[in-house]
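A structural walkthrough
Listed below are the residues making up each chain.
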Amino acid sequence: MTTRKKLARSFAELALPSVVLFVNASAVLPALRDPSPQRTQDRRVLGAPDPAEPPQGKPAPKLLARPAGALSRREVDEAGMRSLIEQLVACGTRHSLSSWTDPKRGAGCGRDRIVAHLNEIAKNSGGKLQVVVDKFEATGERTNNKPAHMENVYGVLPGSDPKLAKTVFIVSGHFDSITSDLMNPNLDAAGADDDASGVAVSMECARLLSRMGPGAVGGRATLLFAAVSGEEQRLYGAERMLQWVKEQGYTVGGMLDNDIVGADFAPGVPHRVRLFSGAGEQDDADSPSRELARAIEEIDSREAIRLIFSLDRLGRGGDHEPFYRAGLPAVRFTEPLEDYRHQHQTPRMENGVEYGDRMKYLNLRFAGNVARANAEALRQLVLAPAVPATVKLGGGVTPDAKITWGAEEDPERAGFEILWRETTEPRWQVFQFVTSARETALKGVSTDNHFFAVRSVGKNGARSMAVAASAPRALPF
Ligand SMILES: [Zn+2]
């Protein structure tokens, strides 16, 4: 039986209009059509394989298993996340221009709930988690061009390694909320999804990663679990947090912004969470943010993460942006499909449609998945050695690509993975494993047909983010 007949029969078996479907199928699946002599000839000319690279076959790199003790989904406290979101919603509004002193209504009520939640977590951390309330002022159009009082809440879990503890990995959500009437701090603004859900994810990461006893993580780098304000005014809280971590002398290892991560209403749940990352501005090398996104996907799997190679959704911004603009690795998690009737809306009924960002639209099972994905990514990133420094690509106009990089002494590091990918491929593959930082020549590998990167690998199997190998693209003399 020919392929064409087989296909027609399989459609007939489905009792579907086979003719119509066959026309469609042949349009999208040209490979299923009988090859014409002309086509076979074309394939010989056009589809010939590329030259083997490297010609002698690729090295077989030693691949260490990733660190044991992966967080399981069962460990996520969905009920605790729900309870925190409910408490935040019960503050009526958390508009940044609302009251910071009223314990029952306003931004100060939200802050108090988060501080209380973090203090509970700190109790179970053996005193390691430090709770910080960071007060600041911000001025702009959405503060009526007057200085407005705002506050961020941080839980800081210091790393165990003296050098790596100066690197901080941040997970953040914003606790302020807003309605359609942007400047009005008096209207109810539940902000269940935008963004009590992100705050709940950040706080659940704090609980999972700071607990003592069985399952204790013991990160080498420092973790910061943040709930910031002023997002809806113009990312003021995130800007302030960036300034604060610099003031404390930290280097930002990575920033995971969770904003609108509580709902998953499309049929076929659960869906993957979207992970946005900006491209950066360097020719032929992706930004650190893109590398952070790739690292998270590799840790959490393609079943959990949907990579979106874009800074953010069209016309929208988020707290990862100030970090991204500063050239730091920063990404944004957002639910798979948004319902704009439930964001930034004054609660109301209009033509039989309900507007407002209410608890009842959330899906905590999905938000729990997001918490698990964040926490496991952070767990592995804080167990990893430092990223390699100044990764360079050389060897242009020679047969062998040459990769050079530097690294500080680290007795816990097993070595480095040299990564490569086709220039059109989204993901890295390991090309080679080497034990020390040096110039490494990739024999018979052109500088021109792939992109390259290097990452550090701990003896525990934890990988750092990849650092793309950059190369100056000066015009030849
Ligand atoms: Zn938001």
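In what follows, the accompanying structure is described. This is a predicted model, so every value here is computed, not measured.

Time to look at the overall build of the protein. Assigned secondary structure in the protein consists of 11 helices and 17 strands. Considering only contacts within the protein whose residues lie at least 6 apart along the sequence, 74% involve residues at least 24 apart. In the structure as shown, the protein presents an accessible area of about 22,200 Å², 53% of it carried by carbon and sulfur atoms.

Turning our attention to empty space enclosed by the protein. Taken as a whole, this structure holds two cavities of 30 Å³ or more when the rule is applied. Computed from the structure, the second largest cavity encloses a volume of approximately 50 Å³. Contributing to the lining of the second largest cavity are E291, R294, A295, E298, L419, W428, R455, S464, M465 and A466.

As a further point, take the pairing of strand β7 (residues 305–308). For strand β6 (residues 273–276) and β7, the ladder comprises four bridges, and the chain directions are parallel. If you follow V273 over to β7, its bridge partner there is I305. Taken together, β6, helix α9 (residues 288–300) and β7 form a β-α-β motif whose crossover is right-handed.

Here the focus is the nonpolar core. Membership of the largest hydrophobic core comes to 67 residues, with the highest contact counts inside it found for L209, F225, I296 and F333. Here this core gets 11 residues from one element, more than from any other, and that element is helix α11 (residues 364–383). Residues within four places of F333 in sequence aside, it is in contact with L256, D257, N258, D259, V261, V273, R274, L275, I296, I305, V370 and N374. Counting 18 residues, the second-largest nonpolar core is a separate cluster that includes Y154, V168, I170 and V252.

Turning to the coordination of the zinc ion, a few remarks are in order. Of the protein atoms, only H174 (NE2), D194 (OD), D259 (OD) and D259 (OD) coordinate the zinc ion, at distances of 2.0 to 2.6 Å. Geometry at the zinc ion is irregular, judged from its four donor atoms and the angles of 54 to 144 degrees they form at the metal. Written as a sequence motif, the donor arrangement for the zinc ion is H-x19-D-x64-D. One end of the pair, D194, is in helix α6 (residues 192–210); the other, D259, is in the loop between β5 (251–258) and β6, with 65 residues separating them in the sequence. The exposure classification of D194 matches that of D259, with both residues buried.

What follows concerns the sheet that holds strand β15 (residues 440–442). In space, the three strands of this open sheet follow the order β11-β12-β15, with antiparallel pairing throughout. The outermost strands of the open sheet, each flanked by one partner alone, are β11 (389–394) and β15. Strand-to-strand, the axes of this sheet are offset by a mean angle of 20 degrees, without reference to chain direction. Relative to β15, strand β12 (residues 401–406) is paired through three bridges, and the arrangement is antiparallel. Residue pairing across strands places I403 opposite T440, the latter belonging to β15.

In this section: the side chain of H174. Locating H174 in the fold gives a position in strand β3 (residues 167–174). A distance of 3.1 Å separates polar atoms of two side chains, one belonging to H174 and the other to D259. With residues up to four places along the chain from it excluded, the contact list for H174 reads D194, D195, A196, V199, V228, E231, E232, D259 and D319.

This brings us to the pairing of strand β16 (residues 450–458). For β16, the buried fraction is high: nine of the nine residues fall into the buried class. By the alternation rule, side chains of β16 split into H450, F452, V454, S456 and G458 and F451, A453, R455 and V457, which are all buried. Strand direction decides the pairing type here: strand β13 (residues 413–422) and β16, joined by nine bridges, are antiparallel. Of the residues in β16, the one forming a bridge with E422 is H450. Sheet topology note: the β16/strand β17 (residues 467–468) ladder contains two bridges and is antiparallel. Within β17, the residue paired with A453 across the bridge is A468.

The bond known as a disulfide is covalent and runs between the sulfur atoms of two cysteines. Under the criterion given, the structure shown has one disulfide. Disulfide partner of C91: C109, at an S-S distance of 2.0 Å. A torsion of -75 degrees about the S-S bond marks the disulfide between C91 and C109 as left-handed. Here C91 is found in the loop between α4 (78–89) and α5 (107–123), whereas its partner C109 is found in helix α5, with 18 residues between them in sequence. With relative accessibility at 0%, the residue C109 sits in the buried group.

Under the 1.5 Å per step criterion, the end-to-end length of α11 is 28 Å for 20 residues, consistent within 8% with the ideal 28 Å. With 18 of 20 residues buried, α11 lies mostly within the body of the structure. Of the residues flanking the start of α11, the one acting as N-cap is N363, its side-chain oxygen 3.0 Å from the backbone nitrogen of R365.

Reading the values: the criteria
Residues numbered from 1 in each chain as written. Predicted model: local features only at pLDDT ≥ 70, side-chain atom pairs only at ≥ 80, totals over all residues. Heavy atoms only, no water. Helix = DSSP H or I, 4+ residues; strand = E, 2+ residues; numbered from the N terminus. Contact = heavy atoms within 4.5 Å. Areas by Shrake-Rupley, 256 points an atom, 1.4 Å probe, with all protein chains shown as cover. 1 Å grid on protein atoms, 1.4 Å probe; cavity = no way out; pocket = protein on both sides within 12 Å on 5 of 7 lines; lining within 4 Å. Points joined across faces, edges and corners; volume = space filled by probe spheres on them. Pairing = 2+ DSSP bridges. Right-handed = clockwise from strand over helix to strand, strands pointing away. Core = buried A, V, L, I, M, F, W, Y, C linked by side-chain atoms within 4.5 Å. Buried < 20%, exposed > 50% of the residue type's maximum accessible area, 1.4 Å probe, protein only. Donors = N, O, S within 2.8 Å, 3.2 Å for Na, K, Ca; no water. Tetrahedral: all angles 85-135°; square planar, octahedral: opposite > 155°, others 65-115°. Axes fitted to C-alpha atoms, helices over the stretch in contact; angles between N-to-C directions. Polar contact = N/O pair within 3.5 Å; in protein donor to acceptor, adjacent residues only side chain to side chain. Disulfide = S-S within 2.5 Å. Expected span 1.5 Å × (residues − 1).

Shape descriptors only; they carry no functional weight alone.
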